[in-house]
Amino acid sequence: MEIIRACGLNIFLETTPVRREMVWESVTPPGHWIGTLLEGSLCVQQDGFGEHLWQSGGGTIFSAIDEVHTRHVVLRDGSVAAVFIQIEEEMAEPLVGGETLSLIARKKPDPQLALPDVARRIAWQMLGCPLQGPARRLYLTGKAMEILAHVLDDAVVPDHGSANAGWPARDIARLHEARSILLAELASPPSVPELARRVGTNAKKLGAGFHALFGTTVYGFVKANRLDAARMLLEGGETSIAHVARQVGYQPQHFATEFRRRFGVAPTTIAGKAR
């Protein structure tokens, strides 16, 4: 695990291969926490907070007054990727303000919390950061601040982020299932009608609910996550732009244009830095 400390924040970055039934224990320091499990499946037991099931894409906001002993149990082979941000107690009020802090302080760990998609995308960017030394520390601190801004805005602004309002729990579960299918099949996602059929709803309801819950269209979600996945591959050392494009479901002739539009740089630039 990599830990970055700056500006009253402790930033925890984790990417590691795991095996089913692997167990490890840790101690969560006091403070105010925001985090997301980007990849993996875990059963997490925390003293005072009980037991929770963590799945890919799950997020949480909570406060801990004392140290919290935590036990993690891996539920399937694969890897764990996670980003957690701790706001230190003495810096919390100057950083986020007393009113916002009081709302965070009332929350308990809930891995079913849907953080804004933009926060999850930024977390993936943090894990894929190729910079080293002071530049890496500055980059990761800035990205952590971005995540805090998006998550806290979504959590505390009245009616902003209350997309669940008016949507039955069954429909919300179907929308999350649709989201998981899209993430699992990014290279060749189902059409909206087919996706709706697979989760047991209709295309119109799926489109409206997806936008209300996740803040984007189905097409926009697929496009953003394809490009994020492509950037991760390039930052991880892939050298063939055409190969990366096909892996995420793009025709090579269109890939560079979309990539530059999203990230402001050509994919060859990212690949060159990784090399």
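Residues numbered from 1 in each chain as written. Predicted model: local features only at pLDDT ≥ 70, side-chain atom pairs only at ≥ 80, totals over all residues. Heavy atoms only, no water.

Regarding the sheet that holds strand β5 (residues 41-46)
- One open sheet holds the four strands; their spatial order is β3-β8-β5-β6, and the pairing between them is antiparallel. If you trace the sheet from one side to the other, it starts and ends with β3 (23-28) and β6 (50-55), each paired once. Looking at each pair of strands side by side, their axes are set apart by 25° on average, direction ignored.
- As judged from the five bridges shared by β5 and strand β8 (residues 68-74), these two strands associate in the antiparallel manner. (Pairing = 2+ DSSP bridges. Helix = DSSP H or I, 4+ residues; strand = E, 2+ residues; numbered from the N terminus. Axes fitted to C-alpha atoms, helices over the stretch in contact; angles between N-to-C directions.)

Some details on the layout of surface pockets
- Approximately 490 Å³ is the volume found for the second largest pocket.
- Contributing to the lining of the second largest pocket are 22 residues, with M1, S26, T28, H72 and F84 lying nearest its centre.
- Looking at the lining of the second largest pocket, the element that brings in the most residues is β3, giving four residues.
- Within the lining of the second largest pocket, the residues separate by chemical class into 16 nonpolar, five polar and one charged. (1 Å grid on protein atoms, 1.4 Å probe; cavity = no way out; pocket = protein on both sides within 12 Å on 5 of 7 lines; lining within 4 Å. Points joined across faces, edges and corners; volume = space filled by probe spheres on them. Nonpolar A, V, L, I, M, F, W, Y, C, P; charged D, E, K, R; others polar.)

Section: the packing of helix α5 (residues 169-184) against helix α7 (residues 203-214)
- Viewed as axis vectors pointing N to C, α5 and α7 meet at an angle of 85°, and their least axial separation amounts to 10 Å. Considering their axes alone, α5 and α7 lie roughly perpendicular with respect to each other. Only K205, L206, G209, F210, L213 and F214 of α7 make contact with α5, whose side of the interface consists of D171, I172, L175, H176, A178, R179 and L182.
- Per-class residue counts for the contact of α5 with α7 are eight nonpolar, two polar and three charged. (Parallel < 35°, antiparallel > 145°, perpendicular 65-115°, else oblique. Contact = heavy atoms within 4.5 Å.)

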